Amino acid sequence: VSMIGMQTEKVKAKNGMRIMLKNEDTQMTEVVVTGHQQMDKRLFTGAAATVDAEKIKLSGMADVSRSLEGRVAGVQVTNVTSTFGASPKIRVRGATSIYGNSKPLWVVDGVIYEDNVDVSADDLASGDAKTLISSAVAGLNSDDIESFTVLKDGSATSIYGARAMGGVIVVTTKKGSKGRASVNYTGEFTTRIKPSYNNYNIMNSQEQMSIYRELEQKGWLNYADVPNKSDSGIYGKMYNLITTGQLANTEAARNAFLREAEYRNTDWFDLLFSNALSQNHCVSLSSGTEKSQYYASISAMLDPGWSKQSKVNRYTANLNANYNIFKKLSFNMIANASYRKQRAPGTLGSDVDVVSGEVKRDFDINPYSYALNTSRV
């Protein structure tokens, strides 16, 4: 006696037989979820890769898109900035267009996630404030994700249309399971220590002024040229004071002004950075019966920022409920929400030199910019 899903039994035939078969529990073969259908991986003709979210999760990294770095063959992830909320440059199928967009399409539980703003690969490094909201999945909590499926070839366009010409990244979130109730808490604490000048082979103020003195003696830092430069340093400040009559144009006065600069050692790491402790907390509740299953979670990410004025607070909530109304009818409700309050140094405008291609900004995203390009007075 045999039946699909039951263990085969061999019994002697007799009158009035009553045979009870036992369930045959076998491991399910691997399937590929493409968005509108799921099929056996052996029957799937496209190029796809599935990775478990638990195995690729990066501790201390709240952005889920960063988890794909070096995890899937053929997928290139390039980070142009470490600022949270900025989308990394991801290439699944390479550069599919010269001027157009080559970004992959994000699909979370069957719902397409569009980027809040359309930012090109070049704009990601521009420092524009809109890059802070360029990631479509910055509001997802990594603890809520079950798996990633990357659709690499052209078959994805037949499912999601022309928007998927750069590939598709399908995100599947966690769901409740029947017959089991659980409460999980995840807490991550990441500390960042201020950088130290001992880690860098750079000059102090006295060594720097000795180089400036040598340049002055060789005629490079003269009174006629330096004040007209946009980044003129301490000599430009001295010549401007002489021009406005605030400093006497004598050798003794100039030497006294430059000697003060020799002892002006500023610990820029102490001024621009802080010892930060970032926290990421997540509480999830999962339960279910034959009739209904649900999964709910809330999370909070609190990052005071390593550099000054780079604070991020993000809160998320997720609900996934499934109700089996009838044998062939079920109702699935998925809801998620996120709130982010962020401060980050940036700029709303930049000037580009059409000849040299140099990009200049009044307030640069680089915290070293002020120290390198001003007189520090």
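Owing to the predicted nature of the structure, the values given are computational and were not obtained by experimental measurement.

(A) Structural context of the overall build of the protein chain. Secondary structure assignment for the protein chain yields 7 helices and 16 strands. Buried positions account for 33% of the 377 residues belonging to the protein chain. Here the analysis covers contacts within the protein chain between residues at least 6 apart in sequence; of these, 59% occur between residues at least 24 apart. A total of about 23600 Å² of accessible surface is found on the protein chain, and carbon and sulfur atoms cover 52% of it.

(B) Seen up close, the sheet that holds strand β9 (residues 168-173). If you walk across this open sheet you meet the 5 strands as β3-β8-β9-β6-β7, and the pairing is mixed. Lying at the two open borders of the sheet, with one neighbouring strand each, are β3 (48-52) and β7 (111-113). If you compare each strand with its neighbour and ignore which way they point, the axes differ by 25° on average. Of the strand pairs in this sheet, β3 and strand β8 (residues 145-151) are connected by 5 bridges, and their pairing is antiparallel.

(C) Fine view of the packing of helix α4 (residues 233-243) against helix α5 (residues 251-262). Between α4 and α5, the shortest axis-to-axis distance is 11 Å and the interhelical angle comes to 145°. Crossing handedness for the pair α4 and α5: right-handed. Along the contact surface, α4 presents Ile-234, Tyr-235, Lys-237, Met-238, Leu-241 and Ile-242, while α5 presents Arg-254, Phe-257, Leu-258 and Ala-261. When grouped by side-chain class, the residues that make up the contact of α4 with α5 number 8 nonpolar, no polar and 2 charged.

(D) Looking closely at the pattern of salt bridges. The tally for this structure, following the rule as stated, stands at 7 salt bridges. With a closest N to O distance of 2.3 Å, Asp-143 and Lys-57 form a salt bridge. One end of the pair, Asp-143, is in the loop between β7 and β8; the other, Lys-57, is in the loop between α1 (53-56) and β4 (76-78), and 86 residues separate them in sequence. Of the charged contacts in the structure, one is a salt bridge between Lys-194 and Asp-270, with a shortest N-O distance of 2.5 Å. Here Lys-194, found in the loop between β10 (182-192) and α3 (205-217), pairs with Asp-270, found in helix α6 (residues 268-272); they are 76 residues apart in sequence, far enough to count as distant.

(E) Quick look at the pairing of β8. Taken across its 7 residues, β8 has 6 buried, putting it largely inside the fold. Pairing geometry for β8 and β9, over 6 bridges, is antiparallel. In the strand pairing of β9, Ser-147 is matched with Thr-172.

(F) Fine view of the nonpolar core. Among the nonpolar cores identified, the biggest contains 22 residues, and Leu-68, Trp-106 and Phe-148 are the most heavily contacted of them. For this core, the secondary structure elements donating two or more residues are β3, α1, β6 (105-108), β8 and β9. Here this core takes 3 residues from β8, the largest share from any one element. If sequence neighbours within four positions are ignored, Trp-106 has contacts with Ser-65, Leu-68, Ile-90, Val-111, Ile-112, Tyr-113, Val-137, Phe-148, Ile-169 and Val-171.

(G) Inspection of α5 at higher detail. Between the first and last C-alpha of α5 there are 16 Å, a value that for 12 residues agrees with the 16 Å anticipated at 1.5 Å per step. What α5 keeps buried is the set Ala-253, Phe-257, Leu-258, Ala-261 and Glu-262. For α5, the elements touching its buried residues are α3 and α4.

(H) Up close: the sheet that holds strand β14 (residues 329-342). In spatial order, the strands read β10-β11-β12-β13-β14; together these 5 strands make up an open sheet with antiparallel pairing. The open sheet has two edge strands with one neighbour each: β10 and β14. Sheet twist, expressed as the average angle between the axes of neighbouring strands with direction ignored, equals 5°. Sheet topology note: the β10/strand β11 (residues 276-288) ladder contains 11 bridges and is antiparallel. Residue pairing across strands places Thr-186 opposite Cys-282, the latter belonging to β11.

(I) View of the packing of aromatic side chains. With the rule as written, the count across this model stands at 9 aromatic pairs. With centroids separated by 5.9 Å and ring planes inclined at 50°, the aromatic side chains of Phe-269 and Phe-273 adopt a geometry described as tilted. The structure contains a cluster of three or more aromatic residues connected by ring pairs, namely Tyr-197, Tyr-200, Phe-269, Phe-273 and Trp-306.

(J) Quick look at α3. For α3, which comprises 13 residues, the first-to-last C-alpha distance of 18 Å matches the rise-based estimate of 18 Å (1.5 Å per residue) to within 8%. Its side-chain oxygen 3.2 Å from the backbone nitrogen of Gln-206, Asn-204 forms the N-cap of α3. Following α3 by one or two positions, Gly-219 has its phi on the positive side, about 85°.

(K) Region of the structure containing unusual backbone geometry. The residue Asp-109 is not glycine, and still its phi comes out positive at about 50°. Mapped onto the secondary structure, Asp-109 falls in the loop between β6 and β7.

Calculation notes
Residues numbered from 1 in each chain as written. Predicted model: local features only at pLDDT ≥ 70, side-chain atom pairs only at ≥ 80, totals over all residues. Heavy atoms only, no water. Helix = DSSP H or I, 4+ residues; strand = E, 2+ residues; numbered from the N terminus. Buried < 20%, exposed > 50% of the residue type's maximum accessible area, 1.4 Å probe, protein only. Contact = heavy atoms within 4.5 Å. Areas by Shrake-Rupley, 256 points an atom, 1.4 Å probe, with all protein chains shown as cover. Pairing = 2+ DSSP bridges. Axes fitted to C-alpha atoms, helices over the stretch in contact; angles between N-to-C directions. Left-handed = near helix turned anticlockwise from the far one by under 90°. Nonpolar A, V, L, I, M, F, W, Y, C, P; charged D, E, K, R; others polar. Salt bridge = Lys/Arg side-chain N within 4 Å of Asp/Glu carboxyl O. Core = buried A, V, L, I, M, F, W, Y, C linked by side-chain atoms within 4.5 Å. Expected span 1.5 Å × (residues − 1). Phe/Tyr/Trp six-rings, centres within 6.5 Å; stacked < 30°, edge-to-face > 60°. Polar contact = N/O pair within 3.5 Å; in protein donor to acceptor, adjacent residues only side chain to side chain.

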